[in-house]
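Chain by chain, the residues run as shown.
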Amino acid sequence: NKTSSKNFRITRVNSDYAPLSSLGKILNISWITPQMCVLFLSSMSEKRRFIDRLTSSIDNLHLNRVHRYEKLLRQRNKILIQPNFDHTWLDTIETQISELSIAITARRLDLIEELENLYLTEIKNSSSTEHFPTARIVISGKIESLLIEKPAAEVEEHIKSELKNSRNNNELFTPGPNNASIDIFNKKNNKNLDMSSTGEQKLLLISIILSHARMLRNKFNMAPILL
């Protein structure tokens, strides 16, 4: 349904109206569409969006964090173009951006770890399938590297410092989940999907969606609806 006064989608849960996003608290839905078959040839932002959708299945607040993060970045950019901006307000925004950067990155890495654990468990139990090649997803970026070496609180302070240093030069690179690179490999031959045939890319896409569905079944004891 779509309300006439506001431009957002709603649903009914036990006869009560609720935002469409509330369905994520009740069930998981995953899908494959023809448009997704060109995912591996699309921009890095599309790949990040794909990973974020999968991540939202294990944390229904994840997409809200991503949207808040993007909104805060836009607010920061608007403030920076003003001749005399409020430094205190900018400090507050940059603190929130830093906190969200850690939360978003950490949840993405949790997803990758969950999928890898599923693969290792299936190998150990000899329950893996040969029908689809297994995918290995790698997320790389400055925050991802820092989180391996340092506590999250220290990385958060590092991000705040870089944001503050870039105020006078907004073209400076600042670490954030919006700059993360995502590479997907075929585990069998370690080939990057960017270098693979269209058919192989489609197989890996289906493999990721099916692995994700099995992961959710194991994690929540309920298989998702797969479209």
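The shown structure was predicted, so the numbers you read here are calculated from the model rather than taken from an experiment.

K.L.:
So what about unusual backbone geometry? Which residues, and what values?
P.N.:
Glycine aside, residues mostly have negative phi angles, and peptide bonds mostly take the trans form. Positive phi outside glycine occurs at Ser-15, with the angle close to 75 degrees. Within the fold, Ser-15 resides in the loop between strand E1 (10-13) and strand E2 (16-19). Unlike most non-glycine residues, Asn-190 shows phi in positive territory, near 60 degrees. By the secondary structure assignment, Asn-190 is in the loop between strand E5 (181-186) and strand E6 (191-192). Of the residues examined, Asn-190 reaches a relative accessible area of 48% and is grouped as partly exposed.

K.L.:
Run through the packing of helix H1 (residues 44-55) against helix H6 (residues 198-220), naming residues and quoting values.
P.N.:
Put simply, H1 and H6 touch, their axes get as near as 11 Å, and they point 20 degrees apart. For the element pair H1 / H6, the angle class is roughly parallel. Handedness of the H1/H6 crossing: right-handed. Within the contact between the two elements, H1 uses Phe-50, Arg-53 and Leu-54 and H6 uses Leu-205, Ile-208, Ile-209 and His-212. When grouped by side-chain class, the residues that make up the contact of H1 with H6 number 5 nonpolar, 1 polar and 1 charged.

K.L.:
Which residues make up the sheet that holds E6, and what values do they have?
P.N.:
Reading across from one edge, E4-E5-E6 is the order of the 3 strands in this open sheet, with antiparallel pairing throughout. Strands at the two margins of the open sheet, each flanked by one partner only, are strand E4 (135-140) and E6. Pairing of E5 with E6 involves 2 bridges; the strand directions are antiparallel. The residue of E6 that forms the bridge with Phe-185 is Asn-192. Taken strand by strand, H1 contacts E4 and E5, and its axis lies near 75 degrees from that of E5.

K.L.:
Got a sec to walk through the pairing of E5? Specific residues and values, please.
P.N.:
Relative to E5, E4 runs antiparallel, the two sharing 6 bridges. Within the sheet, the bridge partner assigned to Arg-136 lies in E5 and is Phe-185. Linking E5 back to E6 in an antiparallel pair, the connection comprises 4 residues, with Asn-190 at a positive phi of about 60 degrees.

K.L.:
So what's going on with the nonpolar core? Residues and values would help.
P.N.:
Counting residues in each nonpolar core, the largest one holds 24 residues, and the members touching the most others are Phe-50, Ile-137, Ile-184 and Ile-208. Here the element with the most residues in this core is H6; it accounts for 6 residues. Those residues within four positions of Ile-137 in sequence are excluded, and the remaining contacts are Ile-51, Ile-112, Leu-115, Ile-182, Asp-183, Ile-184 and Ile-208. The next biggest cluster of nonpolar side chains, apart from the first, holds 18 residues, and it includes Tyr-69, Ile-79, Ile-104 and Leu-146.

K.L.:
Outline helix H3 (residues 87-124), supporting the account with residue identities and numerical values.
P.N.:
A rise of 1.5 Å per residue sets the reference length of H3, with its 38 residues, at 56 Å; its end C-alpha atoms lie 55 Å apart and thus fit the reference within 8%. The N-terminus of H3 is capped by Asp-86, whose side-chain oxygen sits 2.9 Å from the backbone nitrogen of Thr-88.

K.L.:
Report on the packing of aromatic side chains, specifying residues and quantitative values.
P.N.:
Under the criterion given, the structure shown has 0 aromatic pairs. One residue, Arg-53, lies across the ring of Trp-31, its end atom 4.0 Å from the ring centre. For the cation-ring pair, Lys-219 lies above Phe-220, with the distance from its terminal atom to the ring centre recorded as 6.0 Å.

K.L.:
How would you sum up the pattern of salt bridges? Please name residues and give values.
P.N.:
Across all of its chains, the model carries 15 salt bridges by this definition. In this structure, Asp-59 and Arg-65 form a salt bridge, with 2.8 Å as the shortest nitrogen-oxygen distance. Of the two residues, Asp-59 and Arg-65, neither departs from the other in class, the shared state being buried. Among the charged side chains, a network of salt bridges with common partners joins Asp-59, Arg-65, Arg-107 and Asp-110.

Calculation criteria
- Residues numbered from 1 in each chain as written.
- Predicted model: local features only at pLDDT ≥ 70, side-chain atom pairs only at ≥ 80, totals over all residues.
- Heavy atoms only, no water.
- Helix = DSSP H or I, 4+ residues; strand = E, 2+ residues; numbered from the N terminus.
- Buried < 20%, exposed > 50% of the residue type's maximum accessible area, 1.4 Å probe, protein only.
- Axes fitted to C-alpha atoms, helices over the stretch in contact; angles between N-to-C directions.
- Parallel < 35°, antiparallel > 145°, perpendicular 65-115°, else oblique.
- Left-handed = near helix turned anticlockwise from the far one by under 90°.
- Contact = heavy atoms within 4.5 Å.
- Nonpolar A, V, L, I, M, F, W, Y, C, P; charged D, E, K, R; others polar.
- Pairing = 2+ DSSP bridges.
- Core = buried A, V, L, I, M, F, W, Y, C linked by side-chain atoms within 4.5 Å.
- Expected span 1.5 Å × (residues − 1).
- Polar contact = N/O pair within 3.5 Å; in protein donor to acceptor, adjacent residues only side chain to side chain.
- Phe/Tyr/Trp six-rings, centres within 6.5 Å; stacked < 30°, edge-to-face > 60°.
- Lys NZ or Arg CZ within 6 Å of the ring centre and 35° of its normal.
- Salt bridge = Lys/Arg side-chain N within 4 Å of Asp/Glu carboxyl O.

Take it as geometry only, folks, not as evidence of what the structure does.
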